[in-house]
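Below are the chains, spelled out letter by letter.
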Amino acid sequence: MEIVIPEDVITAMRLPRGEVERELRLDLAVILYQRGVLPLGKAAKLAGVTKREFLEELAKRKVPRHYTERELAEDVAFARGE
């Protein structure tokens, strides 16, 4: 899939040309994660960053992490060495 962004919109962003795609991918990933459309791993992949980096970005933007019961059970099992 390709999204075409008009040149005048890109220019209006006031970002260095080399950062536009990265910023748009990151913003889109954060929004889709926040809305519950994408899980953490897929959102990080869309953003082109590691899960840890994505979690740091969520924290910077004050976006709460979605934490399911399954994830909690996995974390508890891991902490117990299971």
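Residues numbered from 1 in each chain as written. Predicted model: local features only at pLDDT ≥ 70, side-chain atom pairs only at ≥ 80, totals over all residues. Heavy atoms only, no water.

Q: Can you break down the overall build of the protein residue by residue, with the values?
A: Scanning the protein from terminus to terminus reveals five helices and zero strands. Counting from the amino terminus, helix and strand elements in the protein follow one another as α-α-α-α-α. In terms of C-alpha radius of gyration, the protein reaches 16 Å, well past the compact-globule figure of 12 Å for 82 residues. Each principal axis of the C-alpha distribution contributes one length, and for the protein these read about 55 × 20 × 20 Å. A total of 82 residues make up the protein; the buried ones form 20% of that total. (Helix = DSSP H or I, 4+ residues; strand = E, 2+ residues; numbered from the N terminus. Rg over C-alpha atoms; globule rule 2.2 N^0.38 Å. Buried < 20%, exposed > 50% of the residue type's maximum accessible area, 1.4 Å probe, protein only.)

Q: Can you break down the nonpolar core residue by residue, with the values?
A: By size, the foremost hydrophobic cluster in this structure holds 11 residues: Leu26, Ala29, Val30, Tyr33, Leu40, Ala43, Ala44, Ala47, Phe54, Leu58 and Val63. Broken down by secondary-structure element, the contributors of at least two residues to this core are helix H2 (20-34), helix H3 (40-47) and helix H4 (51-60). (Core = buried A, V, L, I, M, F, W, Y, C linked by side-chain atoms within 4.5 Å.)

Q: Give a description of the packing of H3 against H4 that names residues and reports values.
A: Contact geometry for H3 and H4: axes closest at 9 Å, N-to-C directions at 90°. Between H3 and H4, the angle is such that the two are roughly perpendicular. Judged by residue contacts, Leu40, Gly41, Ala43, Ala44 and Ala47 of H3 engage Lys51, Phe54, Leu55 and Leu58 from H4. Classifying every residue of the contact of H3 with H4 by side-chain character gives seven nonpolar, one polar and one charged. (Axes fitted to C-alpha atoms, helices over the stretch in contact; angles between N-to-C directions. Parallel < 35°, antiparallel > 145°, perpendicular 65-115°, else oblique. Contact = heavy atoms within 4.5 Å. Nonpolar A, V, L, I, M, F, W, Y, C, P; charged D, E, K, R; others polar.)

Q: I'd like a rundown of the packing of aromatic side chains, residues and numbers included.
A: Any aromatic ring pair is given by two values, namely how distant the centres are and how the planes are angled relative to each other. For the coordinates displayed, the defined rule picks out one aromatic pair. With a centroid separation of 5.9 Å and 85° between ring planes, the pair formed by Tyr33 and Phe54 is classed as edge-to-face. In this pair, Tyr33 sits in helix H2 while Phe54 sits in helix H4, placing the two residues 21 residues apart along the sequence. Of the two residues examined, Tyr33 and Phe54, each falls in the buried class. (Phe/Tyr/Trp six-rings, centres within 6.5 Å; stacked < 30°, edge-to-face > 60°.)

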